[in-house]
Amino acid sequence: MGPVPRVITRLERPDRIGAILVRLGIGRGRYRVAPGLYAVGTPGPESPVLVTANYKLSFDSLRKELSGLDAWILVLDTKGVNVWCAAGKTTFGTAELVSRIRAVGLEKLVNHRKVVVPQLGAPGVAGHDVKASTGFRVVFGPVRASDVRAFLAAGMKATPHMRRVHFPALERVVVGLVEFANERKTMAQLACALFVLAGIGVDVFSFSRAWLGLWSGFAAYSLGFVAGNVLTPLTLPWLPGRSFSFKGAVAGAMAGLGVLALGVPGLTSAGLWLGSVVAGSWYGMNFTGSSTFTSPSGVEKEMRRALPFQAGGLILAVILWRFGLAGL
Amino acid sequence: MKGLRYIEGVATLSLDQEACTGCGVCREVCPHGVFGHGTGKASIEDLDACMECGACALNCREKAISVSQGVGCARAIIHGWISGGPPTCDCGGDGGSTCC
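Structural notes, computed from the coordinates. (Residues numbered from 1 in each chain as written. Chains lettered and ligands numbered in written order. Predicted model: local features only at pLDDT ≥ 70, side-chain atom pairs only at ≥ 80, totals over all residues. Heavy atoms only, no water.)

Re the overall build of chain A
Formally: For the purposes of this entry, the term helix denotes a DSSP run of H or I that reaches at least four residues, the term strand denotes a run of E that reaches at least two, and both are numbered from the N terminus. Taken over C-alpha atoms, the radius of gyration is set against a globule rule of 2.2 Å times the number of residues to the power 0.38. Buried, partly exposed and exposed residues are distinguished by accessible area as a fraction of the type maximum, computed with a 1.4 Å probe on protein chains only: under 20%, between the cut-offs, and over 50%, respectively. Contact criterion: two residues are considered in contact whenever any of their non-hydrogen atoms come within 4.5 Å of each other. Per-residue and other accessible areas follow the Shrake-Rupley method at a 1.4 Å probe size, with only the shown protein chains counted as cover for residues. When charges are counted, neither His nor the chain ends are considered; positive counts come from Lys and Arg and negative counts from Asp and Glu. Here the site of a charge means NZ on Lys, CZ on Arg, CG on Asp, or CD on Glu.
A count of helical and extended segments in chain A gives 15 helices and 7 strands. A compact globule built from 328 residues would reach a C-alpha radius of gyration of about 20 Å, whereas chain A, at 25 Å, exceeds it by more than 25%. On the principal axes, the C-alpha backbone points of chain A span a range of 80 × 35 × 30 Å. Classification of the 328 residues of chain A by burial places 53% in the buried group. Within chain A, residue pairs in contact and separated by at least 24 positions form 68% of the contacts whose partners lie at least 6 positions apart. Just so you have it, chain A exposes about 14,200 Å², and 67% of that area is on carbon and sulfur atoms. The average position of the 35 basic charges and that of the 17 acidic charges among the side chains of chain A differ by 2 Å.

A word on the interface of chain A and chain B
This is how the line gets drawn: For any pair of parts, buried area is found by adding up, for both, the accessible area (1.4 Å probe) each one loses once the two are put together. By definition here, a salt bridge exists when the distance from a side-chain nitrogen of Lys or Arg to a carboxyl oxygen of Asp or Glu is within 4 Å.
Counting from both sides, the interface comprises 58 residues of chain A and, opposite them, 46 residues of chain B. Contact between chain A and chain B buries roughly 4,500 Å² in total, counting both sides, with carbon and sulfur atoms accounting for 60%. Viewed at the interface, chain B and chain A are joined by 4 salt bridges. One salt bridge connects B:Glu28 with A:Arg163, and the closest N-O pair in it is separated by 4.0 Å.

Here's the deal with the packing of helix α13 (residues 244-255) of chain A against helix α14 (residues 266-286) of chain A
Residues and elements named next belong to chain A. What counts is decided by this rule: Note on geometry: axes are C-alpha line fits, over the in-contact stretch for helices, and angles between N-to-C directions span 0 to 180 degrees. Definitions for this section: a left-handed crossing has its near helix turned counterclockwise from the far helix by less than a right angle. A right-handed crossing has that turn clockwise. As a working rule, the residues Ala, Val, Leu, Ile, Met, Phe, Trp, Tyr, Cys and Pro are called nonpolar, Asp, Glu, Lys and Arg charged, and the rest polar, with Gly in that last group.
Taken N-terminus to C-terminus, the directions of α13 and α14 make an angle of 145°; their axes are 6 Å apart at the nearest point. When the axes of α13 and α14 are compared, the crossing they make is right-handed. Contact residues: α13 offers Phe244, Ser245, Gly248, Ala249, Gly252 and Ala253, while α14 offers Trp273, Ser276, Val277, Gly280, Ser281, Gly284 and Met285. Residues of the contact of α13 with α14, tallied by class, amount to 6 nonpolar, 7 polar and no charged.

Observations regarding the nonpolar core
Selection criterion: Definition of nonpolar core: a set of buried residues of the types Ala, Val, Leu, Ile, Met, Phe, Trp, Tyr and Cys, connected through side-chain atoms within 4.5 Å.
Judged by nonpolar contacts, the single largest core of 52 residues is most densely connected at A:Leu74, A:Phe92, A:Leu97, A:Leu106, A:Val115, A:Val117 and B:Phe35. Among the elements that line this core, the one with the most residues is helix α3 (residues 83-88) of chain A, at 5 residues.

A word on helix α9 (residues 169-176) of chain A
All names here are of chain A. We count it as follows: Note that the arc is defined by the directions from the helix axis to the C-beta atoms.
Of the positions making up α9, those classed as buried are Arg172, Val173, Val175 and Gly176. Taken down its axis, α9 places every buried residue within 170° of arc, on the same side. Packing partners of the buried residues in α9 comprise α1 (13-23), α10 (179-182) and α12 (207-234).

Some words on unusual backbone geometry
Keep in mind that most residues, glycine aside, have a negative phi and that most peptide bonds are trans. The phi dihedral of A:Thr90 is positive, around 60°, even though this residue is not glycine. By secondary structure assignment, the location of A:Thr90 is in the loop between α3 and α4 (94-103). The phi dihedral of B:Glu52 falls on the positive side, at around 60°, and the residue is not glycine. You can see B:Glu52 is positioned in the loop between α1 (25-29) and α2 (55-58). Assessed through its relative accessible area of 1%, B:Glu52 is described here as buried.

Points about a nonpolar patch on the surface
Put simply, the rule is: Residues forming no salt bridge and having over 30% relative accessible area are the ones grouped into patches, like charges within 9 Å of each other and nonpolar side chains (Val, Leu, Ile, Met, Phe, Trp, Tyr) within 5 Å.
A cluster of nonpolar side chains, A:Ile17, A:Ile20, A:Leu21, A:Leu24 and A:Ile26, forms an exposed patch at the surface whose accessible area comes to about 420 Å². Look at A:Ile26 and you get partly exposed, because its relative accessible area is 44%.

Written out as structure tokens, the structure reads:
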């Protein structure tokens, strides 16, 4: 094995700027760390081995907690995906951990036979299989990197609090921001559809009506988008119901009242408001994927109930909006 | 997670207490405190808190736990419906990744 790169435990300006960009969905696929072994401080044969993913946000959140400590960091190749998501698809998994332990010759590097794996890696890493294949015992560390120091100080013992996933308001909003970049294509397609639908009529095509339809429709969509992707995550515990599509619809119904300020005819306003409700419901439902407590069985159940309402609501919204614009 | 509970009565988690040896690993890996904290064998104390991540089943050496493992993500389920395959999110891999 060659020299081990030593990493610093302080995040610098490029790390912070990169983190903001990647949260907004910009350059996400490139935000990776080379898999392999890293050193923090001056680790020796007794130093702990901490396993993480090669998503730079995961790697950074771990290293910044380790100032003053001597430790090894073993980075798995998860194709630039965070620990929990990667564990769900087993790229952060038993096979990768076993082969990475072998590749870096971990048994020659340390005297102990333990690797600390983040608890959220457990859906992909079978501790007993890693032990059987490599002789290394998997010790599941805390959920949050911020608890790693206390976990190590306590002799690799996690308190029940460290073992639980929490989902505070700031975190909920931050993970929703990525939709602003994800939905760029949908937004462009929607704009084209609104323009064409509003423009065509018995008078062949009216540019003034197309323009009115475009900006009013897009304004209503944007209200629903913000309702589903920002308002719903922020107020998640207080919105009524369990289903995210319902919570999103409620947020969309409130945010959608903003269409009254557009000064468009009554029928159009009604259609636009309904459009906001549908968009809020749709994006709220999609937030299940970013949340930390929804089960696939539950999401499927809620989708089977919500999708007919969303589809019906969308059709009705388009009809009201288009008739309200007049000049068929 | 106060105030953050999901739809009840749907989780596919089950535990075979006969096969359980009480090693405690399921309690350790569960991020939502589904399993009981008593001594001896494991018990399911809060089934509706289960998000079906599969950590407990994978790490149960005795295979006493079964759960239909997956991600609770609408986008993944739509993807599964369209492709006819299992639900998968488009998180990661090369190109556009949408994971947090």
